[in-house]
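# A closer look at the structure
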Amino acid sequence: MDLKYRKSWDGYVKELSEKVYDGKPVIYWEVKYPFPMANRDYVYVRERRDLDVDGRKIWVILAKSASVAQQPEKSGVIRVHDYKQSLAIESDGGSGIKVFMNYFDNPGGSIPSWLINWAAKSGVPSFITDLQKACNNYASYCKQVKT
């Protein structure tokens, strides 16, 4: 949920911001793609719910692409029009968490097979490792930002 922090640890983020349009927060996210491919960008809305299910605290985050006239497509960047993400996070009862994520996007354009293979074998596992490190370092980041 902390976009500023995401920019500090995710090397694929070129631009990431949240603005309010028509009373709703909308996120713009441009993702760096390797040369010679064009970057992709997303315009989406998200919401978070904090649930208490039989004494278990569960955080649910839902996100989906949105069309916003105030956020037009950029030349040279491919807009991802079909994006959905569902995320549920729960304490494991100790010092960790359990995470369930369902993610889909259609990046559009032509994606070479070598990039698909890289993403499946290395890209996604590497991102999950980076995400885990980011989670572990978040409290320290928050202390640094406050000082």
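In short, a report on the structure. (Residues numbered from 1 in each chain as written. Predicted model: local features only at pLDDT ≥ 70, side-chain atom pairs only at ≥ 80, totals over all residues. Heavy atoms only, no water.)

## Considerations on the overall build of the chain
Basically, it comes down to this: A run of H or I in DSSP becomes a helix once it reaches four residues, and a run of E becomes a strand once it reaches two; helices and strands are each numbered from the N terminus. Exposure classes here rest on a 1.4 Å probe applied to the protein chains alone. A residue is buried below 20% of its type maximum, exposed above 50%, and partly exposed in between. Whether two residues are in contact is decided by their heavy atoms, any of which lying within 4.5 Å being enough. Calculation of accessible area relied on Shrake-Rupley with a 1.4 Å probe; when residues are assessed, cover is drawn exclusively from the protein chains displayed. His is not counted, nor are the chain ends; Lys and Arg add positive charge and Asp and Glu add negative charge. Every charge is mapped onto a representative atom, which is NZ of Lys, CZ of Arg, CG of Asp or CD of Glu.
Regarding its fold elements, the chain presents two helices and seven strands. Along the chain direction, N to C, the helices and strands of the chain fall in the order α-β-β-β-β-β-β-β-α. Taken over the C-alpha atoms alone, the chain extends approximately 45 × 40 × 35 Å along its principal axes. Here the chain, with 147 residues, has 28% of them falling under the buried criterion. Expressed as a percentage of contacts within the chain between residues at least 6 apart in sequence, the contacts between residues at least 24 apart total 42%. With the model as given, the accessible surface of the chain reaches about 10,100 Å², and the carbon-plus-sulfur share is 54%. Distance from the positive charge centre (22 side chains) to the negative charge centre (17 side chains) of the chain: 4 Å.

## Examining helix α2 (residues 113-146)
For clarity, the cut-off: Values of bend correspond, residue by residue, to the angle between axes fitted over the seven residues ending at that residue and the seven starting there.
Along α2, the sharpest change in direction is near 50 degrees and occurs at A119. Considered for burial, the residues of α2 that qualify are L115, G123, A134 and Y141. As for α2, its buried residues are in contact with α1 (3-9).

## Remarks on the nonpolar core
For the record, the criterion: In these notes, a set of buried Ala, Val, Leu, Ile, Met, Phe, Trp, Tyr and Cys residues joined through side-chain atoms within 4.5 Å is what counts as a nonpolar core.
Ranked by size, the top nonpolar core spans eleven residues in total: L3, V13, L16, I27, W29, V31, Y42, Y44, A63, V80 and Y83. Sorting the residues of this core by element identifies β1 (13-21), β2 (24-31) and β3 (40-53) as the ones contributing at least two each. Looking at which element gives the most residues to this core, the answer is β2, with three residues. When sequence neighbours within four positions are dropped, the list of residues in contact with I27 reads L3, L16, S17, E18, Y42, V43, Y44 and R46. Counting five residues, the second largest nonpolar core, distinct from the first, contains Y21, V26, Y28 and V68.

## Some details on the pairing of strand β6 (residues 82-91)
Going by this rule: Strand pairing requires that DSSP identify at least two bridges connecting the strands.
The sheet contact formed by strand β4 (residues 56-65) and β6 spans seven bridges and is antiparallel. Pairing of W59 across the sheet is with I89, part of β6. Bridging between β6 and strand β7 (residues 97-106) involves ten bridges; their strand directions are antiparallel. Each residue of the ladder has a partner; that of K84, found in β7, is F104. Connecting β6 to the next strand, β7, in antiparallel fashion are five residues, including G93 with a positive phi near 90 degrees.

## A closer look at the environment of D92
How we decide: A 3.5 Å cut-off defines polar contacts: any pair of N or O atoms within that distance qualifies, except that in protein one atom must be a possible hydrogen donor and the other a possible acceptor, and neighbouring residues in sequence count only when both atoms are side-chain atoms.
For D92, the location among the structural elements is in the loop between β6 and β7. Classification of D92 as partly exposed rests on a relative accessible area of 42%. Along the sequence, D92 and K74 sit 18 residues apart, while their C-alpha atoms lie 42 Å from each other. Contacts of D92, omitting those with residues within four sequence positions, involve I97 and K98. Side-chain polar atoms of D92 contact the backbone nitrogen of G94, separated by 2.7 Å.

## Some points on the packing of aromatic side chains
To keep it simple, the criterion reads: Only Phe, Tyr and Trp rings take part, Trp by its six-membered ring, and two of them pair if their centres are within 6.5 Å. Stacked means planes under 30 degrees apart, edge-to-face means over 60, and tilted covers everything else. Only lysine NZ and arginine CZ atoms are considered, and such an atom sits over a ring when it is within 6 Å of the ring centre and within 35 degrees of the ring normal.
Going through the model one piece at a time under the given rule, you end up with nine aromatic pairs. In this structure an aromatic cluster arises from ring pairing among W29, Y42, Y44, Y83 and Y103. If you follow R40 out to its NZ or CZ, it ends over the ring of Y33, 4.7 Å from the centre.

## Here we look at the side chain of N39
Note on placement: N39 falls in the loop between β2 and β3. There is a polar contact of 3.0 Å between the side chain of N39 and the side chain of E30. One polar contact links the side chain of N39 to the main-chain amide nitrogen of Y33, over a distance of 2.9 Å. Excluding its chain neighbours within four sequence positions, the residues that come into contact with N39 are K14, E30, V31, K32, Y33, G76, V77 and I78.

Any link to function would need more than the numbers given here.
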